[in-house]
Amino acid sequence: MSSEQPPAVTGRGVTSEVGRLRSVVLHRPGAELQRLTPRNNDRLLFDGIPWVTRAQEEHDAFAGVLRDRGVQVLYLGDLVREALEVPAARAEAIAAVLAEPRLGVSLARRVRAYLEELEPTQLAGVLVAGLRVDELNARRPVSEPGLVTTLAAADDFVVDPLPNLLFTRDSSAWVGDRVVVASLAMPARQRETSLTEVVYTHHPRFAGTPMVYTPNLEHLEGGDVLVLSDGVLAVGTGERTTPAGVERLARQVFEAGVARSVLAVPIAQDRATMHLDTVCTMVDADAVVMYPNIAHNLEAYTLTPRDGDLHVEGPRPFLDAAAAAMRIERLRVIDTGLDPVTAEREQWDDGNNTLAVAPGVVVAYERNTETNARLEHAGIEVIRLSAAELGSGRGGPRCMSCPVWRDPVSPRRAG
């Protein structure tokens, strides 16, 4: 498998879920996963303690598959480090750390001094992997540490690690030539978007990119945002994305002229269905793979602009609403699994969370054998990916990728 990067590309823009993928942001798991313990993995939203070396091998294979298909892989860690060469980016990233109220005044001063003396590579490492009390004390010992430090255990985190950076889809998403920088709902993940925002604001490749959503707005996560076709979005609302977030996004994308319809799709508010892309992803310009236990019960409300405000219609079956908004006769559905038990198992193992690298070509976890067989039976090419360790954070190939640039989809494939 090739480890060479395809020729450099600098384009950006996403008008579908399935157009040929040209450029993508990934995050290679590293020291932040090594910070997970049985005491903190639940709080940090991991179902287990991954074997980091194997997770890295699996992720490298994922990146290699994409490169073999001509995709430029951009690593979030590199982008953050390069952005931190800009003084304003450093100041913003450090300010996001110090905004944590639990630090208190004395500890916040020490943390600021610690972070400000780090060069960009070191600073990027701490921002991602976190900082423990003993690590801070070793580098900046003080005679009067303050009450917060005095009562803390040596292995308590002053700066929490960000193991969920692995799932780059959640913190940002592209809609046309605009970027959505998400407003993450779970406390363990909220600082992630400070790094994403720094990249899109200050990195030379992205500086000046118009943002159509920012982290200070209502909760909205990238895993809930599907670009069904040029100008048509489906946005899940459930455990992570609020109805207010969907409404705000609709207003923003309509005003920016990058969408004409937004489908608000209510989903169950639980961990198994935390995002819309855990139950439904597009595998071709006119086809989706869906969790069969909800496929024909899923509903959508259609939001469109009218007289400077939002017009809401519905509910109606999601598949019907999507086809109407996309202006196609119907949206093909590929069920995941042959029976309810198999379907539930494979949905939990991210069977629906595929990443399209071209129309009718997807990357999927190999363990979802029934789902993959059904995809292939329907004419979809499946590139299988081993993910015994990557899956411990509850996310598949789509969750682990943020497409920056896709080719437009040929109209003949959307008919």
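Residues numbered from 1 in each chain as written. Predicted model: local features only at pLDDT ≥ 70, side-chain atom pairs only at ≥ 80, totals over all residues. Heavy atoms only, no water.

The number of helices and strands found in the protein is 15 helices and 19 strands. Radius of gyration (C-alpha) of the protein: 21 Å, near the 22 Å computed for a compact globule of 415 residues. Its C-alpha atoms put the protein at 70 × 50 × 40 Å along the principal axes. Sequence separation of at least 24 residues holds for 73% of the intrachain contacts in the protein that already meet a minimum separation of 6. (Helix = DSSP H or I, 4+ residues; strand = E, 2+ residues; numbered from the N terminus. Rg over C-alpha atoms; globule rule 2.2 N^0.38 Å. Contact = heavy atoms within 4.5 Å.)

Tracing the backbone through its elements, the reader meets R189 in the loop between β6 (178–181) and α10 (192–202). A distance of 3.5 Å separates the side chain of R189 from the backbone oxygen of F167, its partner in a polar contact. Filtering out sequence-adjacent residues up to four positions away, R189 remains in contact with L45, N164, F167, D170, L184 and R240. (Polar contact = N/O pair within 3.5 Å; in protein donor to acceptor, adjacent residues only side chain to side chain.)

So, about the packing of aromatic side chains. Tallying each qualifying case throughout the model produces 3 aromatic pairs. Between W174 and F206 the ring centres are 6.2 Å apart and the planes differ by 45 degrees, which places this aromatic pair in the tilted class. On the criterion of sequence distance, the pair formed by W174 in strand β5 (residues 172–175) and F206 in the loop between α10 and β7 (211–213) is long-range, its members being 32 residues apart. With a relative accessible area of 0%, F206 lands in the buried category. A centroid spacing of 5.1 Å and a plane angle of 75 degrees characterise the contact between Y200 and F206, whose relative ring orientation is edge-to-face. Lying across the ring of Y114, R139 places its NZ or CZ 5.4 Å from the centre. (Phe/Tyr/Trp six-rings, centres within 6.5 Å; stacked < 30°, edge-to-face > 60°. Buried < 20%, exposed > 50% of the residue type's maximum accessible area, 1.4 Å probe, protein only. Lys NZ or Arg CZ within 6 Å of the ring centre and 35° of its normal.)

A word on the layout of surface pockets. The volume enclosed by the largest pocket comes to roughly 640 Å³. Taken together, 29 residues form the lining of the largest pocket, with A96, P187, R189, Q190 and R191 sitting closest to its centre. Elements supplying a minimum of two residues to the lining of the largest pocket: α4 (87–98), β4 (157–159) and α10. For the lining of the largest pocket, the leading source of residues is α10, giving 4 residues. (1 Å grid on protein atoms, 1.4 Å probe; cavity = no way out; pocket = protein on both sides within 12 Å on 5 of 7 lines; lining within 4 Å. Points joined across faces, edges and corners; volume = space filled by probe spheres on them.)

A few words on the pattern of salt bridges. Taken as a whole and assessed by the stated rule, the structure comprises 26 salt bridges. Put simply, E218 and R248 hold a salt bridge, and the shortest N to O gap is 2.9 Å. Taken together, the positions of E218 in the loop between β7 and β8 (225–229) and R248 in helix α11 (residues 243–256) put the pair 30 residues apart, joining distant regions of the chain. Relative accessible area serves as the criterion here: at 33%, R248 is assigned to the partly exposed category. Bridged by salt links that share partners, the residues R35, R132, D134 and E135 form one connected network. (Salt bridge = Lys/Arg side-chain N within 4 Å of Asp/Glu carboxyl O.)

Counting residues in hydrophobic clusters, the biggest one holds 64 residues, and the most contacted among them are V111, L115, L233, L249, V253 and V262. With residues up to four places along the chain from it excluded, the contact list for L115 reads R90, I94, V97, L123 and V126. V283, A285, M326 and I328 belong to the second largest nonpolar core, which has 38 residues in total. (Core = buried A, V, L, I, M, F, W, Y, C linked by side-chain atoms within 4.5 Å.)

Moving on, we come to the sheet that holds β5. Across the sheet, 3 strands lie side by side as β5-β6-β7; this open sheet has mixed pairing. The two strands at the open ends of the sheet, each matched to only one other strand, are β5 and β7. Here the strands of the sheet are splayed against their neighbours by 35 degrees on average, with no regard to which way each runs. Judged from the 2 bridges that link them, β6 and β7 form a sheet pairing that is parallel. Note on β7: the bridge partner recorded for V180 is Y213. Sitting on the sheet, α10 touches β5, β6 and β7, and the angle it makes with β6 is about 160 degrees. Relative to the sheet, α11 contacts β5, β6 and β7, its axis offset from that of β7 by approximately 150 degrees. (Pairing = 2+ DSSP bridges. Axes fitted to C-alpha atoms, helices over the stretch in contact; angles between N-to-C directions.)

Time to look at α10. Residues separated by three or four positions in an α-helix point in the same direction, a consequence of the helix having 3.6 residues per turn. Taken across its 11 residues, α10 has 9 buried, putting it largely inside the fold. Looking only at α10, the buried set comprises E192, T193, S194, L195, T196, V198, V199, Y200 and H202.

The next thing to look at is the pairing of strand β2 (residues 72–75). Alternating residues of β2 divide into Q72 and L74 and V73 and Y75, and every residue in both groups is buried. Here 4 bridges tie strand β1 (residues 21–26) to β2, and the two strands are oriented parallel to one another. Paired with S23 across the two strands is Q72, which belongs to β2.

This part is about the confidence of the model for the protein. Low pLDDT marks stretches whose predicted atomic positions should not be read closely. On average, residues of the protein score 89 in pLDDT, and 91% of them reach the 70 mark or higher. Contacts from residues 345–350, a stretch scored under 50 in pLDDT, to residues over four places away or in other chains number 25 contacts. (pLDDT = per-residue confidence, 0-100.)

Attention shifts here to the sheet that holds strand β13 (residues 299–306). Read across the open sheet, the 5 strands follow the order β8-β9-β10-β13-β14; overall the sheet is mixed. Edge positions in the sheet fall to β8 and β14 (309–317), since each of these pairs with one other strand and no more. Sheet twist, expressed as the average angle between the axes of neighbouring strands with direction ignored, equals 25 degrees. Sheet analysis places β8 next to strand β9 (residues 232–237), joined by 4 bridges and oriented antiparallel. Paired with L226 across the bridge in β9 is A234. Along the sheet, α11 contacts β8, β9, β10 (261–266), β13 and β14; its crossing angle with β9, the most-contacted strand, is approximately 165 degrees. Across the sheet, helix α13 (residues 318–326) is in contact with β8, β9, β10, β13 and β14; its angle to β14 comes to roughly 130 degrees.

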